[in-house]
Every structure is written in C-alpha cells, then in structure tokens.
Amino acid sequence: MSGTSPALQPPADALKPVRHPDAPEPGEVLGAHYEQCFGCGGAQPHGLHLEARAGEGVTVTAEFTVRPAHQGAPGLAHGGVLASALDETLGSLNWLLRTIAVTGRLETDFVRPVPVGTTLYLEAEVTAVAGRKIFSTATGRIGGPDGPVAVRADALFVEVKVEHFVHHGRQEEIEAAMNDPDQVRRARAFEVNP
C-alpha cells in the first residue's frame, strides 16, 4: 500500500501471527458477529451483509455486492461504504486469533471506482502481532478474486476486554447480546470495532 504511516508499521520485535487452534476451519463461513452490525448483520436492511470465510493461516476472504443504498456519486459506491467493507473484513481476522479487538487505525487507498451492482471480493491477512496490537492488510477486487484492485487498506487493531463494549455500548443491545444462550454468538457479538 502506498504511503502507509509509521503507526501501521509493526515494531522490529513483532511476532508472526498464529491461528488459534479453535479457529474456524479454512473455507468455513464465519457468519455475522452481531445481527445489528452494519457490516455483516442480517438485520440491517441497508447494511453490507458481508459474508466472510476463514482462509489458510490467519487470512479471510469476503464479498459483498454494492447496492443502490451504498452509492455516493450517482451509480458508484460511497468511499465510506468501501472503507466499512475493508474494516469489517479486517475485523473478521480477529476471530481466527480468538481475540476481542477494535479498530485503532485504518488507512485506505481508493484505486478505482466501484459501480453499483458490482460484487467486491475482499481478502485480508494478519501480518504481525506485537503485544495488544494486531497489524493487518486487505484488498478489494472487482469481478473476482483475481480481478483488478479497487480498494486496499492497512489496519491496526487493538486487543480489548469485553468490558470495553459493556462500558461504552447501549445498555439494551449489551443485555441482549449477553443474554444470548449461544456462547459462540455471545462471544462473537463483541469481537470487532469500537
């Protein structure tokens, strides 16, 4: 990525990421971490409905189709929506580490316009871990996994405890997530984004 800031450069003592032994198997659909999530939740009528799959190592793939509700300029995806798709895909990586983390920094390059009706194919990878910091990168391609790059991003996620969400979220959503009898869904509800 061009112009990556020093904040997104892993320190010299950063470690290679290690996939958690209980992480989903390669090819497995990760599913929504929370039904109300704009990025992956099925209950958001104008959300991205992004579907991520576990890849090899500490990688994920995802895709979403740009709908009319996602446009900025006439007929083209809004840049903020594309950044959200990258952020959601990058955040899904934390499920492979079995870590609760939030986006600390996201730098995005917009390489080419993405028309409404286009399916964006996203790939993301954790590149390094240093203490609570998780460094990762992602690309979004048009027309297929080998198509031309439309967007790309580098990100820094920061590991947090579940209390981060409990103290900062709306009480009724926090209670609904905490009362979910499915322990996996309960844990995943708090996996990404501040």
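Higher on the page you've got the structure.
Quick notes on the rules
Residues numbered from 1 in each chain as written. Predicted model: local features only at pLDDT ≥ 70, side-chain atom pairs only at ≥ 80, totals over all residues. Heavy atoms only, no water. Helix = DSSP H or I, 4+ residues; strand = E, 2+ residues; numbered from the N terminus. Contact = heavy atoms within 4.5 Å. Areas by Shrake-Rupley, 256 points an atom, 1.4 Å probe, with all protein chains shown as cover. Core = buried A, V, L, I, M, F, W, Y, C linked by side-chain atoms within 4.5 Å. Buried < 20%, exposed > 50% of the residue type's maximum accessible area, 1.4 Å probe, protein only. Pairing = 2+ DSSP bridges. Axes fitted to C-alpha atoms, helices over the stretch in contact; angles between N-to-C directions. Phe/Tyr/Trp six-rings, centres within 6.5 Å; stacked < 30°, edge-to-face > 60°. Lys NZ or Arg CZ within 6 Å of the ring centre and 35° of its normal. Salt bridge = Lys/Arg side-chain N within 4 Å of Asp/Glu carboxyl O. Polar contact = N/O pair within 3.5 Å; in protein donor to acceptor, adjacent residues only side chain to side chain.

Draft legend 1. Seen up close, the overall build of the protein. Within the protein, the secondary structure is distributed over four helices and six strands. Helices (α) and strands (β) of the protein occur, in sequence order from the N terminus, as β-β-α-β-β-β-β-α-α-α. Contacts in the protein between residues at least 24 apart in sequence constitute 66% of all its contacts with a sequence separation of at least 6. Total accessible area computed for the protein in this model is approximately 9,700 Å², and 53% of it derives from carbon and sulfur atoms.

Draft legend 2. Representation of the nonpolar core in the model. The biggest cluster of nonpolar side chains holds 36 residues, and the ones touching the most others in it are Leu50, Phe64, Leu90, Val114, Leu120 and Leu122. Among the secondary structure elements, those contributing two or more residues to this core are β1 (51-54), β2 (59-65), α1 (79-97), β4 (119-130), β5 (133-142) and β6 (149-159). Those residues in contact with Leu90, other than ones at most four positions away along the chain, are Leu106, Ala124, Ser136, Thr137, Ala138, Ala153, Ala155 and Phe157. If you look at the next biggest cluster of nonpolar residues, it comprises five residues, including Leu8, Ala128, Ala130 and Phe135.

Draft legend 3. Highlighting the sheet that holds strand β3 (residues 101-110). Strand order in the open sheet formed by six strands is β1-β2-β4-β5-β6-β3, and the pairing between neighbours is antiparallel. Two strands lie at the open edges of the sheet, namely β1 and β3, each paired on one side alone. Averaged over neighbouring strand pairs, the angle between their axes works out to 20° when direction is ignored.

Draft legend 4. Examining the pairing of β6 more closely. With respect to burial, β6 is a largely interior element, eight of its eleven residues being buried. For β3 and β6, the ladder comprises nine bridges, and the chain directions are antiparallel. Following the sheet pairing, Leu106 is matched in β6 by Ala155. Counting the residues between successive antiparallel strands, the hairpin from β5 to β6 contains six residues, one of them, Gly143, with a positive phi of roughly 85°.

Draft legend 5. Summary view of the packing of aromatic side chains. Per the counting criterion, the structure on display carries zero aromatic pairs. Over the aromatic face of Trp95 sits the side chain of Arg98, whose NZ or CZ is 4.8 Å from the ring centroid.

Draft legend 6. Fine view of the pattern of salt bridges. This model, assessed by the stated rule, comprises two salt bridges. Note that Glu107 is salt-bridged to Arg105, the shortest N-O span being 3.0 Å. By relative accessible area, which is 37% here, Arg105 ends up partly exposed.

Draft legend 7. Spotlight on the side chain of Thr103. Within the secondary structure, Thr103 sits in strand β3. For Thr103, a relative accessible area of 18% corresponds to the buried category. Engagement of the side chain of Thr103 in a polar contact is seen with the side chain of Asp87, the distance being 2.7 Å.

Draft legend 8. Quick peek at unusual backbone geometry. Of note, the phi angle at His49 is positive, near 50°, even though the residue is not glycine. Here His49 lies in the segment before β1. Even without being a glycine, Arg98 presents a positive backbone phi close to 60°. By the secondary structure assignment, Arg98 is in the loop between α1 and β3.

Draft legend 9. Molecular detail of the environment of Gly75. Relative to the assigned elements, Gly75 resides in the loop between β2 and α1. Judged by relative accessible area, Gly75 falls into the partly exposed class, the value being 31%. It is 9.8 Å that separates the C-alpha atoms of Gly75 and Pro113, two residues lying 38 residues apart in sequence. Apart from residues lying up to four places away in sequence, Gly75 is in contact with Val114, Pro115 and Val116.

Draft legend 10. Representation of the environment of Ser136. The residue Ser136 is located in strand β5 in this model. Residue classification places Ser136 among the buried residues on the basis of a relative accessible area of 5%. Placed 19 residues apart in sequence, Ser136 and Ala155 show a C-alpha to C-alpha distance of 5.3 Å.

Interpretation in functional terms is not warranted from these geometric data alone.
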